[in-house]
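Here is what each chain is made of, one letter per residue.
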Amino acid sequence: MSGGPLSGLLDLARRARLYPAVILHGGSVAARRDAALALARTLLCAREAAAERPCGDCPHCRRVVWPEEKSDAFHPDFAVLARDLKTATSAEATRAFLRVAHSSPFEARGQVFVVGEADTLSGEAGDALLKLLEEPGAGAPRHFLLLAPSRLDLPETLRSRSLAVFLGSAESAPEELLAETSRGLVGSLARWRSGGSGGLFLLDAAARLAALPGFEDPRADAPWSAAAEAVRRAALGGELPAELRRPLFALAEDLLAAPALRLRGIPPERILEGLLARHLAGRPES
Ligand SMILES: [Zn+2]
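Quick notes on the rules
What you see as residue numbers is a count from 1 along each chain, following the sequence as written. Local features in this predicted model are restricted to residues of pLDDT 70 or higher, and side-chain atom pairs are both shown and tallied only at a pLDDT of 80 or more, whereas totals for entire chains, interfaces and linings draw on every residue. Neither water nor hydrogens contribute to the side-chain values; these are computed over all heavy atoms in the structure. In this listing, donors mean N, O and S atoms no farther than 2.8 Å from the metal, or 3.2 Å for Na, K and Ca; water is missing from the atoms, so a site can look incomplete. Every geometry call rests on angle ranges, with four donors termed tetrahedral when all angles are between 85 and 135 degrees, four termed square planar and six termed octahedral when opposite donors are over 155 degrees apart and all others are between 65 and 115, and everything else termed irregular. To sort residues, take the accessible area from a 1.4 Å probe on protein chains only and compare it with the maximum for the residue type: under 20% means buried, over 50% means exposed, and anything in between is partly exposed. Here, a salt bridge means any Lys or Arg side-chain nitrogen found within 4 Å of an Asp or Glu carboxyl oxygen. Per the convention used, a helix needs a DSSP run of H or I reaching at least four residues, while a strand needs a run of E reaching at least two, with both numbered from the N terminus. Delimitation of the domains relies on an automatic or database domain assignment. Every residue pair with non-hydrogen atoms within 4.5 Å of one another is taken to be in contact. By buried area we mean how much accessible surface two parts lose on assembly, using a 1.4 Å probe and totalling the loss over both. Whenever two N or O atoms come within 3.5 Å, that pair is a polar contact, provided that in protein one can donate a hydrogen and the other can accept it, and provided that, for residues adjacent in sequence, both atoms are side-chain atoms. Three residue categories are used. Nonpolar comprises Ala, Val, Leu, Ile, Met, Phe, Trp, Tyr, Cys and Pro, charged comprises Asp, Glu, Lys and Arg, and polar comprises the others, including Gly. For two strands to pair, DSSP has to find at least two bridges joining them. Here, axes are lines fitted to C-alpha atoms. For helices the fit covers the stretch in contact, and angles between N-to-C directions go from 0 to 180 degrees.

Sorry if this is basic, but what is going on with the coordination of the zinc ion here?
Angles at a metal have ideal values that depend on geometry: 109.5 degrees with four tetrahedral donors, 90 or 180 degrees with six octahedral donors. Distances from the zinc ion to its protein donors, namely C45 (SG), C55 (SG), C58 (SG) and C61 (SG), fall within the range 2.3 to 2.4 Å. What the four donor atoms of the zinc ion show is an angle range of 105 to 116 degrees at the metal, which sorts the shape as tetrahedral. Written as a sequence motif, the donor residues of the zinc ion are C-x9-C-x2-C-x2-C. Comparing C58 with C61, the two get one shared label, buried.

Got a minute to help me understand the pattern of salt bridges in this structure?
Pairing is possible between side chains of opposite charge, provided their charged atoms come close. For the structure shown, the criterion picks out 17 salt bridges. Two residues, R191 and D204, come together in a salt bridge whose shortest N-O distance is 3.8 Å. A residue pair is termed long-range when its members are at least 10 positions apart, and R191 in helix α7 (residues 175-193) and D204 in helix α8 (residues 200-210) qualify at 13 residues. When its relative accessible area of 35% is taken as the criterion, R191 is described as partly exposed. Exposure remark for D204: the relative accessible area of 25% places this residue in the partly exposed category. Three or more residues joined by partner-sharing salt bridges are found here, namely E175, E229, R232 and R233.

Before we go on, may I ask you to explain unusual backbone geometry in this structure?
Glycine aside, residues mostly have negative phi, and peptide bonds are mostly found in the trans state. A cis geometry characterises the amide bond from R53 onward to P54, with omega recorded as -5 degrees. Here P54 lies in the loop between α2 (29-44) and α3 (59-63). Positioned with a positive phi, A16 is a non-glycine residue whose angle comes to about 55 degrees. Tracing the sequence through the fold places A16 in the loop between α1 (4-14) and β1 (21-25). For A16, a relative accessible area of 67% corresponds to the exposed category.

Please explain the domain arrangement of the protein chain as it appears in this structure.
With domains assigned, the protein chain is organised as domain 1 (4-166) and domain 2 (175-280). Distance from the C-alpha centre of domain 1 to the C-alpha centre of domain 2: 35 Å. In this assembly, six residues from domain 1 lie in contact with five residues from domain 2. For the pairing of domain 1 and domain 2, the buried interface totals around 500 Å² over both sides, and the portion due to carbon and sulfur atoms is 55%. On the domain 1 side of the interface with domain 2, the three residues burying the most area are L152, D153 and F166, jointly 73% of the side's total. The interface formed by domain 1 and domain 2 contains one salt bridge. In this structure, D221 and R151 form a salt bridge, with 3.5 Å as the shortest nitrogen-oxygen distance. Our enumeration of links across domain 1 and domain 2 arrives at one residue pair in polar contact (both at pLDDT 80 or more). The class makeup of the residues in the side of domain 1 that touches domain 2 is two nonpolar, two polar and two charged.

Which parts of the structure should I look at to understand the pairing of strand β4 (residues 142-148)?
Regular strands show a simple pattern: their side chains alternate between the two faces of the sheet. Counting buried positions along β4 gives seven out of seven residues, so the element sits mostly inside the fold. Here strand β3 (residues 111-115) runs beside β4; their pairing, made up of five bridges, is parallel. Residue pairing across strands places F113 opposite F144, the latter belonging to β4.

Can you walk me through the sheet that holds strand β5 (residues 163-166) in this structure?
Strand pairs in the sheet, formed through backbone hydrogen bonds, run parallel or antiparallel to each other. The five strands are arranged β2-β3-β4-β1-β5 in an open sheet whose pairing can be described as parallel. Looking along the sheet, the strands with just one partner apiece sit at the ends: β2 (78-81) and β5. The average undirected angle you get between the axes of adjacent strands in this sheet is 20 degrees. Against the sheet, α2 touches β1, β2, β3 and β4, its axis set at about 170 degrees to β4. Across the sheet, helix α4 (residues 91-99) lies against β2, β3 and β4, angled at about 175 degrees from β2, the strand it touches most.

Structure below.
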């Protein structure tokens, strides 16, 4: 996983500029947990010099661990809400969890509350969390980290009060499929550039991207980030004319934002064709 989005977050945490609520989405379950732990340690670490946080070995850092890890380590200012029902995190469990948030930190300079599977929060549980987010804090910084496969799995009311950080696509396309899609894309785009049957090869390029797995789930981010990655690789591969680089990078950016269009009910093929045409068609063919 790239350190990019996370290192930016850690930096905000060191400068005490982190949003009170952060959605950590994308990546694997382990990647989301690791990100939450790194963030919590950065927020609670005892080091005076912010740049040295997290140090990894002060009493705070050492006790911030995921509760499932068989360990006696426990930090009174770090709590994880786990899913308590088969498919949901109940309102009762959420309220009990949030009760601690009304107290001041016990030992550290702040408190960190992690919702392990925020996508499973029941409607009532989500409302309880929202209510707390809207209340002014007791003074000491209070942070909520909401973990979910996709930010789109969370209610809009929670999303609008949180900073969403995408940790990358993990459970998406396997490496060889990405490489193959990228090669196919280069072929389609090269044929399109050399003229011939006009927009046909753009449709072919769109179909190659649409064949990536996961598009059938309208709420999934992963296929879009896989498509963006395939486009990025095609741009970087060096086989296409250099002037295509910029539009391809812009296309990759738009693909990452495409789940919003998908949620409006537009079929994925149409979105892909539209975005390819917007960024590439109309460019002078060589
Ligand atoms: Zn530390």
